[in-house]
Amino acid sequence: MIPKDPVMLLSYVNTQLRDFYPTLTEFCRSNQIDENALKEKLALIDYEYDESENRFV
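Residues numbered from 1 in each chain as written. Predicted model: local features only at pLDDT ≥ 70, side-chain atom pairs only at ≥ 80, totals over all residues. Heavy atoms only, no water.

Undergrad: Any details on the side chain of Asn54? Residues and values, ideally.
TA: Considering the arrangement of structural elements, one finds Asn54 in the loop between strand E1 (49-50) and strand E2 (55-56). A distance of 3.4 Å separates a polar side-chain atom of Asn54 from the backbone oxygen of Leu17. A polar contact is formed between the side chain of Asn54 and the backbone oxygen of Tyr21, at a distance of 2.8 Å. When neighbours within four sequence positions are excluded, Asn54 is seen to be in contact with Leu17, Tyr21, Pro22, Thr23, Leu24 and Tyr49. (Helix = DSSP H or I, 4+ residues; strand = E, 2+ residues; numbered from the N terminus. Polar contact = N/O pair within 3.5 Å; in protein donor to acceptor, adjacent residues only side chain to side chain. Contact = heavy atoms within 4.5 Å.)

The following block contains the structure:
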């Protein structure tokens with residue numbers, strides 16, 4: 001289950017990207033998550049996806 005709290009979500013997603021997924025798109029596809037909705041939710045706590053680092057910063 002994916003966390004609903006934005007801070008917990010950030011930690012979860014970055015860990016998944018670091019350990020299992022080479023891109024955010026692959027993570028979202030595999031977990032059936034709307035990529036834009038995920039980006040919007042994490043933008044609420046001032047985090048953006050950095051493609052070159054494959055994580056939210």
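Undergrad: Help me get a handle on the packing of helix H1 (residues 6-19) against helix H3 (residues 35-43), residues and values and all.
TA: At their nearest, the axes of H1 and H3 sit 9 Å apart, and the two run at 125° to each other. Looking at the two axes, H1 sits oblique to H3. As H1 runs across H3, the sense of the crossing is left-handed. Only Leu38, Lys41 and Leu42 of H3 make contact with H1, whose side of the interface consists of Pro6, Leu9, Leu10 and Val13. (Axes fitted to C-alpha atoms, helices over the stretch in contact; angles between N-to-C directions. Parallel < 35°, antiparallel > 145°, perpendicular 65-115°, else oblique. Left-handed = near helix turned anticlockwise from the far one by under 90°.)

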